[in-house]
Amino acid sequence: MREFGVENLDALALGAALLGTGGGGDPYVGRLMAHQALTEHGPVQVLDPSEVPDDAVCAMSAVMGAPTVLVEKLPGRGEQIAAFRALEQHIGREITHVICAEIGGLNSTLPIVTAARTGLPIVDCDAMGRAFPEIQMSTPTLHDIGASPIAIADDKGNVVVIDAKNNHWAETFARSITVDMGAAAFIALFVQTGAQIKEAMIPNTLDLAERIGSAILGARQRGDDPIAAAIEVAGGFRLFEGKVTDVERKTSAGFARGKMTIAGLAKDAGANLTVEFQNENLIATRSGTVLASVPDLITVVDADTGEPITTEELKYGLRVEVVGIPCHEMWRTPEGLELVGPRYFGYNVEFVPIEKIWER
């Protein structure tokens, strides 16, 4: 067990933004929310999954919707707790531990806000090891754990609880309601026991994000290469360096969808890279050759500072590098690839682990 306080926030938000692959919500907004909650209520306890009793009642606290909307529709103070309490009321039990839906952007810091405001501990794990755009794209789904019941709350005081047949239907209904709520809402979901999270969740990702963020911050202070520092901790590869020359982006059905084109510089001069995204970056291709694809992580960072750039922040003229990081092994199983592989998103390519592509 360790304490997480205000002094840990910058590193966590920075590292989680890198692991968020362009999605998960604006990390700046999440950092502000967590800073306020930790200042008002004090540090929260962070437990390793092994420290959680097997009969504990754990639940995720997250935000759902299009990142482009969340930039303008700033979260309030009450919605996330309203969703959390509605879920407790529906299941007839008190939640004892908070867990993360994804280790990306706003959804890495939001559970800390929930933990601070409820006085509950948070468990060092998440359900993706990155960010994904849909609810069923979670490791508990691979272990036949239901996302439902899901409680959804908006800024107007509306609260809806969904009991869906399976996790795909849970995503469908929750997405429709979120769109009706203004394309952004807070959710509480995936109730699990302590025994279940030990098997179904990806462990120690809060710690990993904080270590990545600390490495980037330390490199900046020393005048070293922050991108190299991040890759050393996270593992992975520098895929491409260049300038953003075009961004196509639209908000549709509760997602931010689009693609960017990057004109190569330095060793990549004369080439172009295309990165397509649905909230998160999904596939990176250079002259028709796939350099990396979902479920591996594709992150765009500022070429000088190593600051991750979310899909809603992309714009013409940014000088960037594209970084690729191997995903968790659970996503590389046949069941994992069926759920989150490139074919699920409509790309007619077979998934090849990024380390094999870059061994060629």
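Remember, predicted model here, so these are calculated numbers, not experimental data. (Residues numbered from 1 in each chain as written. Predicted model: local features only at pLDDT ≥ 70, side-chain atom pairs only at ≥ 80, totals over all residues. Heavy atoms only, no water.)

(A) Quick look at the overall build of the protein. Within the protein, the regular secondary structure consists of 12 helices and 16 strands. What you see for the protein is a C-alpha radius of gyration of 19 Å, in line with the 21 Å of a compact globule of 360 residues. Judged by the C-alpha coordinates and their principal axes, the protein covers about 60 × 45 × 35 Å. Going through the 360 residues of the protein one by one, you find that 60% of them count as buried. Sequence separation of at least 24 residues holds for 73% of the intrachain contacts in the protein that already meet a minimum separation of 6. Total accessible area computed for the protein in this model is approximately 13800 Å², and 49% of it derives from carbon and sulfur atoms. Where the 29 positive side-chain charges of the protein centre and where its 48 negative ones centre are 5 Å apart. (Helix = DSSP H or I, 4+ residues; strand = E, 2+ residues; numbered from the N terminus. Rg over C-alpha atoms; globule rule 2.2 N^0.38 Å. Buried < 20%, exposed > 50% of the residue type's maximum accessible area, 1.4 Å probe, protein only. Contact = heavy atoms within 4.5 Å. Areas by Shrake-Rupley, 256 points an atom, 1.4 Å probe, with all protein chains shown as cover. Lys, Arg positive; Asp, Glu negative; His and termini not counted. Charge placed at Lys NZ, Arg CZ, Asp CG, Glu CD.)

(B) Summary view of the pattern of salt bridges. Inspection of every chain in the model, using the stated rule, returns 19 salt bridges. Put simply, Glu 307 and Arg 220 hold a salt bridge, and the shortest N to O gap is 2.6 Å. On the criterion of sequence distance, the pair formed by Glu 307 in the loop between strand 15 (297–302) and strand 16 (319–325) and Arg 220 in helix 9 (residues 205–222) is long-range, its members being 87 residues apart. Exposure remark for Arg 220: the relative accessible area of 32% places this residue in the partly exposed category. In this structure, a network of salt bridges that share partners links the residues Asp 296, Glu 329, Arg 332 and Glu 355. (Salt bridge = Lys/Arg side-chain N within 4 Å of Asp/Glu carboxyl O.)

(C) Highlighting the state of the cysteines. Going through the model one piece at a time under the given rule, you end up with zero disulfides. You can see Cys 58 has no disulfide; the closest cysteine sulfur is in Cys 125, sitting 7.5 Å from it. Its sulfur unpaired, Cys 327 is 18 Å from the next cysteine sulfur, which belongs to Cys 125. (Disulfide = S-S within 2.5 Å.)

(D) Layout of unusual backbone geometry. The omega torsion across Ser 148 and Pro 149 is 0°, close enough to zero to call that bond cis. The topology assignment puts Pro 149 in the loop between helix 6 (139–142) and strand 6 (150–153). Here the phi dihedral of Thr 21 falls at roughly 50°; this positive angle occurs in a residue that is not glycine. Considering the arrangement of structural elements, one finds Thr 21 in the loop between helix 1 (9–19) and helix 2 (27–41).

(E) Representation of the nonpolar core in the model. Counting 64 residues, the largest nonpolar core has Phe 4, Val 44, Leu 87, Ile 112 and Ile 122 as its most contacted members. With residues near it in sequence (within four places) discarded, Ile 122 still touches Val 44, Gln 45, Val 46, Leu 47, Val 98, Cys 100, Pro 111, Ile 112, Ala 115 and Leu 206. Counting 29 residues, the second-largest nonpolar core is a separate cluster that includes Met 60, Ile 135, Ala 185 and Phe 190. (Core = buried A, V, L, I, M, F, W, Y, C linked by side-chain atoms within 4.5 Å.)

(F) Quick peek at the environment of Val 275. Structurally, Val 275 is set in strand 12 (residues 272–278). In sequence terms Val 275 and Thr 285 are 10 residues apart; their C-alpha atoms lie 6.6 Å from each other. Excluding anything up to four places from it in sequence, Val 275 contacts Gly 258, Lys 259, Met 260, Asn 281, Ile 283, Ala 284 and Ile 298.

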